[in-house]
Amino acid sequence: MLVSAKEMLEKAVAGHYAVGQFNINNLEWTKAILTAAEETKSPVILGVSEGAGKYMTGFKTVQDMVAAMVDEMGITVPVATHLDHGSYDGCKKCIEAGFTSIMFDGSKYPIEENVAKTKELIEICREKGMSLEAEVGAIGGEEDGVVGQGECADPNECKMIADLGVDMLAAGIGNIHGKYPENWAGLSFETLDAIQKLTGDMPLVLHGGTGIPDDMIKKAIDLGVAKINVNTECQLVFADATRKYIEAGKDLEGKGFDPRKLLKPGYEAIIDKVKEKMELFGSVGKA
Ligand SMILES: [Zn+2]
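Residues numbered from 1 in each chain as written. Predicted model: local features only at pLDDT ≥ 70, side-chain atom pairs only at ≥ 80, totals over all residues.

Student: Describe the overall build of the protein chain, with residues and values.
Tutor: A count of helical and extended segments in the protein chain gives 12 helices and 8 strands. The C-alpha radius of gyration of the protein chain comes to 18 Å, within 12% of the 19 Å expected for a compact globule of 287 residues. The buried share among the 287 residues of the protein chain stands at 46%. (Helix = DSSP H or I, 4+ residues; strand = E, 2+ residues; numbered from the N terminus. Rg over C-alpha atoms; globule rule 2.2 N^0.38 Å. Buried ≥ 20, exposed ≤ 12 C-beta atoms within 10 Å, placed from the backbone.)

Take a look at the structure:
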């Protein structure tokens, strides 16, 4: 069933596990992630970036596709449709399209403007029963030329944004989007601990889940991380499985060129990867 992310994350904080946000790009991606969630009885958050929303012709298409799939597939676990790193305008569009959750990434605005816009969006979300994620500081990525260490958020600023009434908070703790550089210094548990102590039961969000060692993920969950974003890792396994299929010449055998066959190995690879992550995050059986 389609729900906001609020309740599933409150349960995750109380139960000391994390719910995965897996980003979707098309029908196969969505079907694979919903299948993995249902088979493992895990709550799940489907992340949609503004780029992916555009790619799928708009947020309404995405929302209606997910809603129809949840219905047609008989999905019983809680599912949230969540805008990932939304702009102010993107948030408005997703609210209109019927998303159940949004992330407002106001990190490019001066703090006063970030606060004002966040407050306005919180109000709309409350009214509509949606959840809202805010970001403090900026979480970099390889495209930003980040090397060594990602940014760390100011715990006091985290507390200030948490107190506005957001439902989940993303804060930089040395994490980075995309693949991690060789010389990455790891997560700053000191920062995470300081943020958690000030924000209490606020579900904390870890972006850039791809390539963080499993023991660091587990420690982060122990310290209050209740939502972990995974995107690149599903893209990598999808591409790898598709490459193997083509390099083995399978598209040239019989009707191997049929897209339903051509995309199947990648689709199955996503199911396996998502299940593996749900196991690691501890969300299996928690739906
Ligand atoms: Zn992110």
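Read on, since the account is not over.
Student: Explain helix α9 (residues 214-222) residue by residue, including any values.
Tutor: Regarding α9, the residues found buried are Ile217, Ala220 and Ile221. Seen from one end, α9 has its buried residues packed into an arc of 100°, which puts them on one side. Tucked into the core, α9 has its buried residues touching α8 (189-199), β7 (204-206), β8 (225-230) and α12 (264-281). (Arc of directions from axis to C-beta. Contact = placed C-beta atoms within 7 Å.)

Student: Tell me about the pairing of strand β5 (residues 131-136), and please be specific about residues and values.
Tutor: Along any regular strand the residues' side chains alternate between the sheet's two faces. Counting buried residues along β5, 6 of its 6 residues qualify, which places the element largely inside the surrounding structure. Of the two faces of β5, the one holding Ser131, Glu133 and Glu135 and the one holding Leu132, Ala134 and Val136 are both buried throughout. Bridge analysis of strand β4 (residues 101-104) against β5 gives 4 bridges, and the strand direction is parallel. Within β5, the position partnered with Phe104 by the bridge is Ala134. Between the parallel pair β4 and β5, the chain is carried across by helix α6 (residues 111-128), and the sense of this crossover is right-handed. Sheet analysis places β5 next to strand β6 (residues 168-171), joined by 4 bridges and oriented parallel. For Val136, the partnering residue across the bridge sits in β6 and is Ala171. (Pairing = 2+ DSSP bridges. Right-handed = clockwise from strand over helix to strand, strands pointing away.)

Student: Break down the packing of helix α7 (residues 155-162) against α8 for me, with residues and values.
Tutor: Taken N-terminus to C-terminus, the directions of α7 and α8 make an angle of 35°; their axes are 9 Å apart at the nearest point. Read as a crossing pair, α7 and α8 show a hand that is right-handed. Contact with α7, carried on its side by Pro155, Cys158, Lys159 and Ala162, involves Ala194, Ile195, Leu198 and Thr199 of α8 and no other residues of that element. (Axes fitted to C-alpha atoms, helices over the stretch in contact; angles between N-to-C directions. Left-handed = near helix turned anticlockwise from the far one by under 90°.)

Student: Explain the environment of Gly200 to me, using residue names and the numbers behind them.
Tutor: Note on placement: Gly200 falls in the loop between α8 and β7. For Gly200, a count of 10 C-beta atoms within 10 Å gives the class exposed. Each C-alpha atom of the pair Gly200 and Lys159 lies 9.1 Å from the other, and the pair is 41 residues apart in sequence.

Student: Can you tell me about unusual backbone geometry, naming the residues and giving the values?
Tutor: With a phi angle near 55°, His16 is a residue other than glycine that sits in the positive phi range. The residue His85 is not glycine, and still its phi comes out positive at about 50°. Examined against the element boundaries, His85 turns out to sit in strand β3 (residues 79-86).

Student: Would you mind going over the pairing of β6 in detail, with residue names and values included?
Tutor: Side-chain alternation along β6 places Met168 and Ala170 on one buried face and Leu169 and Ala171 on a second face that is also buried. When β6 meets β7, the two strands line up parallel, connected through 2 bridges. Residue Leu169 lies in a different strand from β7, and its bridge partner there is Leu204. Running through α8, the crossover from β6 to the neighbouring parallel element β7 is right-handed.

Student: Which residues make up the sheet that holds β3, and what values do they have?
Tutor: The strand order around the closed barrel built from 8 strands is β1-β2-β3-β4-β5-β6-β7-β8, with neighbouring strands paired in parallel fashion. Neighbour-to-neighbour, the strand axes of this sheet turn through a mean angle of 25°, independent of strand direction. In the packing of α6 onto the sheet, contacts are made with β4 and β5, and the angle to β5 comes to roughly 165°.

Student: Account for the environment of Gly90, naming residues and giving values.
Tutor: Relative to the elements of secondary structure, Gly90 occurs in helix α5 (residues 88-97). Under the C-beta neighbour-count criterion, Gly90 is labelled buried, with 22 such atoms within 10 Å. Residues in contact with Gly90, not counting those within four places in the same chain, are Glu50 and Leu83.

Student: Give me the lowdown on the packing of helix α2 (residues 27-40) against α12, citing residues and values where you can.
Tutor: Packed helices, taken two at a time, are described by their axes: the angle between them and the distance between them. Between α2 and α12, the least distance of the axes is 8 Å, while the angle of their chain directions is 40°. By the angle between their axes, α2 is oblique relative to α12. Of the two possible hands of crossing, α2 and α12 adopt the one that is right-handed. Here Glu28, Trp29, Ala32, Ile33, Thr35, Ala36 and Thr40 of α2 lie close against α12, whose contacting residues are Tyr267, Ile270, Ile271, Val274, Lys275 and Met278. (Parallel < 35°, antiparallel > 145°, perpendicular 65-115°, else oblique.)

Student: Describe α5, naming the residues involved and giving the relevant values.
Tutor: Because an α-helix completes one turn every 3.6 residues, residues spaced three or four positions apart along the sequence face the same direction. For α5, the set of buried residues is Gly90, Cys91 and Cys94. Across the axial projection of α5, the buried residues extend over an arc of 100°, all falling on one side. Seen from the buried face of α5, the exposed residues on the opposite side, beyond 90 degrees, are Asp89 and Glu96. Turning to α5, the residues buried within the fold contact α3 (50-55), α4 (59-72), β3, β4 and α6.

Interpretation note: all reported values are geometric properties and have no functional meaning in isolation.
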